[in-house]
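What follows is the residue order along each chain.
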Protein chains: 2
Amino acid sequence: MSTFSSQLNTPITLDSDTLSSKILNPGAIQINFNGAFIVDDVLYEDSDLAPETNDIALPFQTHEISHIAIDIGGSLAKIVYFISNKSINNSQEDLGPQISKKLIHDNSSDTSEDSSHSLIDQGGRLNFYKIETERIDDFIEFIKKLMRFYDKKIHIMATGGGAHKFHDRIKEELDVEITKEDEMECLIVGLDFFITEIPNEVFLYSETNPMQFVNDTNSSNIYPYLLVNIGSGVSMVKVTGPSDFVRVGGSSLGGGTLWGLLSLLTDANSYDEMLNNAIDGDNSNVDMLVGDIYGTDYGKIGLKSTTIASSFGKVFQKQNGSDIETRRSKFSQADISRSLLYAISNNIGQIAYLQAKIHGLEKIYFGGSYIRGHPQTMNTLSYAINFWSEGKKNAYFLRHEGYLGSVGAFLKGQPMGWGKRKNSMNLSRSDINEAMKEVKERLTELSVSQ
Amino acid sequence: MSTFSSQLNTPITLDSDTLSSKILNPGAIQINFNGAFIVDDVLYEDSDLAPETNDIALPFQTHEISHIAIDIGGSLAKIVYFISNKSINNSQEDLGPQISKKLIHDNSSDTSEDSSHSLIDQGGRLNFYKIETERIDDFIEFIKKLMRFYDKKIHIMATGGGAHKFHDRIKEELDVEITKEDEMECLIVGLDFFITEIPNEVFLYSETNPMQFVNDTNSSNIYPYLLVNIGSGVSMVKVTGPSDFVRVGGSSLGGGTLWGLLSLLTDANSYDEMLNNAIDGDNSNVDMLVGDIYGTDYGKIGLKSTTIASSFGKVFQKQNGSDIETRRSKFSQADISRSLLYAISNNIGQIAYLQAKIHGLEKIYFGGSYIRGHPQTMNTLSYAINFWSEGKKNAYFLRHEGYLGSVGAFLKGQPMGWGKRKNSMNLSRSDINEAMKEVKERLTELSVSQ
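All figures in this text were calculated on a predicted structure; none of them were measured in a lab.

1. Notes on helix α13 (residues 333-358) of chain A
In an α-helix there are 3.6 residues to a turn, and that puts residues three or four apart on one side. Along its 26 residues, α13(A) runs 38 Å from first to last C-alpha, staying within 8% of the 38 Å computed at 1.5 Å per residue. Within two residues after α13(A), A:Gly360 carries a phi angle of roughly 65°, on the positive side.

Next up, the structure:
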């Protein structure tokens, strides 16, 4: 996907000793996020092994990190972990493609000590992986493999409902320490991090410009906002500061509803199949439009003839048959999929708008695994916000939309044996901005090609 | 249904000449709604012929009215018409049960001129009838039959989207004049009439008291309010005065969505079958509850373990099979029906609450054919309003919920050949209140039994 480009997607040589000693205060930042960037798809050695969610390179984080983070939701269990590039070649553990994926410019096998050591080679990458929560056994196996890879005990930061439900089991099976973190808090910490620290992460969607990046690293500007996290269900959180937030509402009509209903209405066996079905569908075969009722617009109150008056409103008619099989045969799976995707997305968009209006919020961030970068979903959510707010509010999306909670938990990591807890989230904003500015200047100076 | 009792459900003898000459100014009120009351189920001669929607008796309206009103929506076409009790025996037309239904105390066949002439016998009744919009042919046939009964041309007041879509066809086939009235305006006129003129029409719902009547005939108190009209889709109208209203929003997730999805997911062939299915269902077999995710409450943000986190969230799991038939076999139609009824009703309740909050409205009236007096639906809507508003807002229901628009159009009736348009809606509120008060006092004096 060429749209998934990064400002910093080419290898950069640099005088790392100078850089690390000069810019950073290593004692204050346990995880070094400076210069972090999203690894572009084209950089993966084998495109088939490119992860579903792009890695985030941490060029200045050279040591392994002693913790991983998990976020176990109702439908999906997510994991975030760091792996240094060099460790991939050093480990004896066969990691499989999920862990051992290589980058084209990862020349760690090059033993020469010249200046061609790439930025990617030097640091490491944050990895993102998810699996169905019902496959919790496989999830635990995955963590075991990761522990063998690290060849040491790791600490687990855990969030989401499953952090409570599966706590005892994970602790016993893995013999690890687990720190439970509040779900909403992790979402916010994760989102704040993505907004302020990761270039080309946040974007506006429109049909003509599907990924218009918004790089707002000035952290004083980001509040207040509404976070709409769409997983199995929907949570809406009003955020007015780094640790100042309240869950103002939600909806039970979320991803689980779309997946659940479509698994009873279509042959699709995966969420991606369902989304693919929707692409070719025509919802007007299933939905009752204003034009179907009026024969025309209902101009007096501004309803166009193409406005959906009733989702699935054309289905329940005598002419469609008195037995269920006849009725089912009248409607295509593609049309049904598209109608339901519209219905759920529109509904979330409307409720998000109403909550944003009540709380005086202009910016609405959509997170959660419901979206999956699917254009129709983002278009519908964007359209709903734009329609209801008359263009006054904006819908923001993220490339790591499904990992807000897990990244938040990762950032809150404070493994046993570490010193005082200080990662970048605990530094003052001005400290971080100052450091980032210097890193970026150095990276620009040091880049060998663009 | 004993709960459907009326203050005025027993026959009353009265000196009608005195009453009509003294109280009313006949020239000013073309349709005489004074003393109107809902005819109790027990008063119908043959309970099998009791209409789905109770008639409204107009004891002082002795002449036929020269117009009927229709409201053609996306799924249902409604009709409201007046029939004087005496005319039933005089007409040669075989009307069938819908029109010829008799009341136990309708002793119009009693030729004696004593004082036992009942109130019902003297006046007539507003009748309510509906049919699927797709059966528009039958609907037109019904109107033809009605015209033969009246034995004269009638004027048709028409509202709803179908008033536009089917205007030319109805006009040609029936050779009648049709006046189109705005849908939202008719809803408000109808609702205002039900609130202020019909005793025991509006009620609050709770499980312990399913029909707590609210008789608020003081019209100065009724504004402002939010009307939530749930038909195929949902319209929400903010009303601040008799002709001061604005459609503030709506939802495509309405009755058409529930009926449409359930007709693809269950064998039910009618909406009532679907509602009956839901009664015995257990939505927790289908929905993912907070407790399913957390193993417990999520107390920190006030979510109980029984809260629905994701409607249909339990359905899409690998363990439920990789083919659609296997998946379908895992879930009962009752559970599916109940889950979807909850999902749609909760969602409407939440959006209604948010709109009411934005517009500072305390009273929320639910109308439309979605509700149908179904306890679970009303309970869910009431619960949602109460939950979100923390008890500060009230959900009101109506016994003629599906006929707001058609009654509104009926009231706006101004048949050809009539004098200046003046029905009770055009009198000042104080005039009406004064007249009603006097009628009620006289009725109380004249009643022979309670």
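Let us keep going from here.
2. Overview of the domain arrangement of chain A
Residue and element names in this part refer to chain A. Here chain A is partitioned into domain 1 (16-200 + 403-445) and domain 2 (204-286 + 331-398). Across the contact, 17 residues belong to domain 1 and 22 residues belong to domain 2. Mapped by element, the contributors of at least two residues to the side of domain 1 that touches domain 2 are α8 (183-197) and α16 (429-446). The element best represented in the side of domain 1 that touches domain 2 is α8, accounting for eight residues. Residues of the side of domain 1 that touches domain 2, tallied by class, amount to ten nonpolar, five polar and two charged.

3. Observations concerning the interface of chain B and chain A
Many structure descriptions define interface size as the accessible area lost when the parts assemble. Counting from both sides, the interface comprises 61 residues of chain B and, opposite them, 61 residues of chain A. The set of elements that each furnish at least two residues to the side of chain B that touches chain A consists of α6 (161-165), β12 (244-251), α9 (255-265), α11 (290-294), β14 (308-310), α12 (324-329) and α13 (333-358) of chain B. The element that contributes the greatest number of residues to the side of chain B that touches chain A is α13(B), accounting for nine residues. Of the residues belonging to the side of chain B that touches chain A, the class tally is 21 nonpolar, 28 polar and twelve charged.

4. Quick look at the packing of helix α10 (residues 271-279) of chain B against α13(B)
The axes of two packed helices give the description: the angle between them and the distance between them. Residue and element names in this part refer to chain B. For the pair α10 and α13, interaxial distance at closest approach is 7 Å and the crossing angle is 100°. It follows that α10 is roughly perpendicular to α13 by the angle criterion. Listed contacts from α13 to Met274, Asn277 and Ala278 of α10 are Gln333, Ala334, Ser337, Arg338 and Leu341. Looking at the contact of α10 with α13 residue by residue, the classes come out as four nonpolar, three polar and one charged.

5. Here we look at the relation of the copies chain B and chain A
At an RMSD of 0.0 Å, chain B and chain A line up after a rotation of 180° and a shift of 0.0 Å along the axis. The operation mapping one copy onto its partner corresponds to a two-fold rotation axis. Interface residue correspondence from chain B to chain A reaches 100%, placing this contact among same-surface, isologous pairings.

6. Side note on the nonpolar core
Ranked by size, the top nonpolar core spans 236 residues in total, and within it A:Val228, A:Ile364, B:Val228 and B:Ile364 carry the most contacts. Residues in contact with B:Ile364, not counting those within four places in the same chain, are B:Tyr225, B:Leu226, B:Val228, B:Ala352, B:Ala356, B:Ile385, B:Lys393, B:Asn394, B:Ala395 and B:Tyr396.

7. Side note on the sheet that holds strand β15 (residues 363-367) of chain A
All names here are of chain A. Here we have seven strands laid out as an open sheet, ordered β9-β8-β16-β15-β10-β11-β12, and mixed in their pairing. The sheet terminates laterally at β9 (212-213) and β12 (244-251), the two strands that pair on one side only. Where strand β11 (residues 234-241) meets β12, seven bridges bridge the pair, whose relative direction is antiparallel. Bridge assignment links Gly241 to a residue of β12, and that residue is Asp244.

8. Re the packing of α8(A) against helix α15 (residues 404-411) of chain A
Residue and element names in this part refer to chain A. For the pair α8 and α15, interaxial distance at closest approach is 6 Å and the crossing angle is 90°. Taken as axis vectors, α8 and α15 run roughly perpendicular relative to one another. Residues Glu183, Glu185, Cys186, Leu187, Ile188, Val189, Gly190, Leu191 and Phe193 of α8 form the contact with α15, whose own contacting residues are Leu404, Gly405, Val407, Gly408, Ala409 and Leu411.

9. Quick word on the pairing of strand β4 (residues 76-84) of chain A
Regular strands place their side chains on alternate faces of the sheet. Residues and elements named next belong to chain A. Buried residues dominate β4, accounting for eight of its nine residues. Sheet analysis places strand β3 (residues 67-72) next to β4, joined by four bridges and oriented antiparallel. Bridging across to β4, Ile72 finds its partner in Ala77. The antiparallel pairing of β3 with β4 creates a hairpin that spans three residues between the two strands. Across nine bridges, β4 lies against strand β5 (residues 124-132) in antiparallel orientation. Opposite Ile83, over in β5, you have Arg125 as the bridge partner.

10. Topic: the confidence of the model for chain A
Reading predicted coordinates in detail is not appropriate for stretches of low pLDDT. All names here are of chain A. Confidence in the prediction for chain A averages 81 pLDDT; 76% of positions are at 70 or higher. Overall, residues 415-429 carries pLDDT values under 50, and its contacts beyond four positions in sequence, including any with other chains, amount to 27 contacts. Across residues 446-450, confidence stays below pLDDT 50; counting only partners more than four residues off in sequence or on other chains, it has nine contacts. Reported confidences for the modelled complex are a pTM of 0.83 and an ipTM of 0.82.

11. Considering the environment of B:Ile72
All names here are of chain B. With respect to the element layout, Ile72 can be found in strand β3 (residues 67-72). In this structure, the C-alpha to C-alpha distance between Ile72 and Ala158, residues 86 residues apart in sequence, is 7.7 Å. Those residues within four positions of Ile72 in sequence are excluded, and the remaining contacts are Ala77, Thr133, Gly160, Gly161, Gly162, Ala163 and Phe166.

12. Digging into the sheet that holds strand β6 (residues 155-159) of chain A
Residues and elements named next belong to chain A. Here we have seven strands laid out as an open sheet, ordered β1-β2-β5-β4-β3-β6-β7, and mixed in their pairing. Looking at strand neighbours, the two that pair on one side only are β1 (37-38) and β7 (178-180), the edges of this open sheet. As paired elements, β1 and strand β2 (residues 56-58) share two bridges and run antiparallel to each other. Each residue of the ladder has a partner; that of Phe37, found in β2, is Ala57.

What counts and how
- Residues numbered from 1 in each chain as written.
- Chains lettered and ligands numbered in written order.
- Predicted model: local features only at pLDDT ≥ 70, side-chain atom pairs only at ≥ 80, totals over all residues.
- Helix = DSSP H or I, 4+ residues; strand = E, 2+ residues; numbered from the N terminus.
- Expected span 1.5 Å × (residues − 1).
- Domains from an automatic or database assignment.
- Contact = placed C-beta atoms within 7 Å.
- Nonpolar A, V, L, I, M, F, W, Y, C, P; charged D, E, K, R; others polar.
- Axes fitted to C-alpha atoms, helices over the stretch in contact; angles between N-to-C directions.
- Parallel < 35°, antiparallel > 145°, perpendicular 65-115°, else oblique.
- Least-squares fit on C-alpha atoms with pLDDT ≥ 70 in both.
- Core = buried A, V, L, I, M, F, W, Y, C linked by C-beta atoms within 7 Å.
- Buried ≥ 20, exposed ≤ 12 C-beta atoms within 10 Å, placed from the backbone.
- Pairing = 2+ DSSP bridges.
- pLDDT = per-residue confidence, 0-100.

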